[in-house]
Amino acid sequence: SVQLLSEHGRPSDHEKRLLAIVLRESERLNGLITDFLAYARPVPPRKERFNLYQMLMDLQSLLHADSRFEKIALQVQVPEEFLVWADRDQLQQVLLNLLHNAADAMPDGGEVSLQAGIQPVSAAAGGAAALYLKVLDQGTGLDEETCQHLFEPFWTTISNGTGLGLATVLRIMEGHGGFGEAETRKGGG
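Residues numbered from 1 in each chain as written. Predicted model: local features only at pLDDT ≥ 70, side-chain atom pairs only at ≥ 80, totals over all residues. Heavy atoms only, no water.

1. Comments concerning the pairing of strand 2 (residues 72–77)
Logical step 1: Burial along strand 2 is one-sided: I72, L74 and V76 are buried, and none of A73, Q75 and Q77, which face the opposite way, are.
Logical step 2: Where strand 2 meets strand 4 (residues 110–120), six bridges bridge the pair, whose relative direction is parallel. Among the inter-strand pairings, I72 is bridged to a residue of strand 4, identified as G110. (Buried < 20%, exposed > 50% of the residue type's maximum accessible area, 1.4 Å probe, protein only. Helix = DSSP H or I, 4+ residues; strand = E, 2+ residues; numbered from the N terminus. Pairing = 2+ DSSP bridges.)

Below, the structure is given as structure tokens:
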């Protein structure tokens, strides 16, 4: 209704500002509810085989429209024929959450590198190989205490954050039989 009023009505300038506030806040609340539901009601992964490189290229195209990524160069360091067995939508959500955090860590821009590969697992762990994904940014880095709390629900260092993005990342990774971790590289990032 607010959208219709602002598009088709003849509101005054003051009313237009109020309508814009209502729209912005409803979008913010919708995002919060979406994040909360993604965390609170985890969906078992529906795994399929897909090309991770192609998904990352699609994701890169999607992020071009996001103003947070105007000054950020996204480097995809994944072989072009890299096939994975995972839930594509959930993996994309993981990467979006991590990339949004990387963008928030670099308000003046920089480079974000996406890396993936296969890491052998010891024979004691069944001898299977595991996929690893890394999102490396050039932000200021994190202190030890922050690294310890990053994946806790509702814990955040971002003023307008919900504290659910990385908690959701961890839930999805655990649903795939994996884990998540964060570390600060020497010199930041």
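2. Some words on the side chain of D66
Logical step 1: Examined against the element boundaries, D66 turns out to sit in the loop between helix 3 (52–63) and strand 2.
Logical step 2: For D66, a relative accessible area of 17% puts it in the buried group.
Logical step 3: Polar side-chain contacts of D66 include one of 2.9 Å to the backbone nitrogen of R68. (Polar contact = N/O pair within 3.5 Å; in protein donor to acceptor, adjacent residues only side chain to side chain.)

3. Considering the pairing of strand 3 (residues 83–86)
Logical step 1: Here strand 3 shows a clear split, with V84 and A86 buried on one side and none of L83 and W85 buried on the other.
Logical step 2: Where strand 1 (residues 48–51) and strand 3 come together, four bridges link them in antiparallel fashion. When the sheet's bridge partners are listed, R49 is paired in strand 3 with W85.

4. Overview of the sheet that holds strand 2
Logical step 1: Strand order in the open sheet made by the three strands is 2-4-5, with mixed pairing throughout. The strands lining the two open edges of the sheet, one partner per strand, are strand 2 and strand 5 (129–136). When strand polarity is set aside, the average angle formed by the axes of neighbouring strands in this sheet is 15 degrees.
Logical step 2: Of the strands in this sheet, strand 2, strand 4 and strand 5 touch helix 3, which is tilted by about 175 degrees from strand 2.
Logical step 3: Docked against the sheet, helix 4 (residues 88–105) engages strand 2, strand 4 and strand 5, running at close to 30 degrees with respect to strand 5. (Axes fitted to C-alpha atoms, helices over the stretch in contact; angles between N-to-C directions. Contact = heavy atoms within 4.5 Å.)

5. Digging into the nonpolar core
Logical step 1: Core analysis: the largest hydrophobic core is formed by 25 residues, its most contacted members being L52, L56, V78 and L99.
Logical step 2: Where this core is concerned, the elements lending two or more residues are helix 3, strand 2, strand 3, helix 4 and strand 4.
Logical step 3: The residues contacting V78, other than those within four sequence positions of it, are L52, Y53, L56, L114, Q115 and A116.
Logical step 4: L166, V169, L170 and I172 belong to the second-largest nonpolar core, a separate cluster that totals eight residues. (Core = buried A, V, L, I, M, F, W, Y, C linked by side-chain atoms within 4.5 Å.)

6. Concerning the pattern of salt bridges
Logical step 1: Applying the stated criterion to the full structure yields two salt bridges.
Logical step 2: One salt bridge in this structure joins D58 and R88, with 3.3 Å as the shortest N-O distance. Here D58 is found in helix 3, whereas its partner R88 is found in helix 4, with 30 residues between them in sequence.
Logical step 3: In this structure, R68 and D66 form a salt bridge, with 3.0 Å as the shortest nitrogen-oxygen distance. (Salt bridge = Lys/Arg side-chain N within 4 Å of Asp/Glu carboxyl O.)

7. A few points about the packing of helix 4 against helix 6 (residues 165–175)
Logical step 1: At a closest axis distance of 9 Å, the pairing of helix 4 and helix 6 adopts a crossing angle of 150 degrees. Classified by the interaxial angle, the pair formed by helix 4 and helix 6 is roughly antiparallel. Here helix 4 and helix 6 pass one another in a crossing that is left-handed. The segment helix 4 lies against helix 6, with Q90, Q93, V94, N97, L98 and N101 engaging G165, L166, T168, V169, I172 and M173.
Logical step 2: The residue inventory of the contact of helix 4 with helix 6, partitioned by class, reads six nonpolar, six polar and no charged. (Parallel < 35°, antiparallel > 145°, perpendicular 65-115°, else oblique. Left-handed = near helix turned anticlockwise from the far one by under 90°. Nonpolar A, V, L, I, M, F, W, Y, C, P; charged D, E, K, R; others polar.)

8. Some details on the environment of L170
Logical step 1: Counting through the fold element by element, L170 comes out in helix 6.
Logical step 2: Taking the relative accessible area as the measure of exposure, L170 reaches 18% and is therefore buried.
Logical step 3: Sequence separation between L170 and V94 is 76 residues; the distance between their C-alpha atoms is 8.4 Å.
Logical step 4: Among all residues touching L170, those that are not within four sequence positions of it are F151, F179 and G180.

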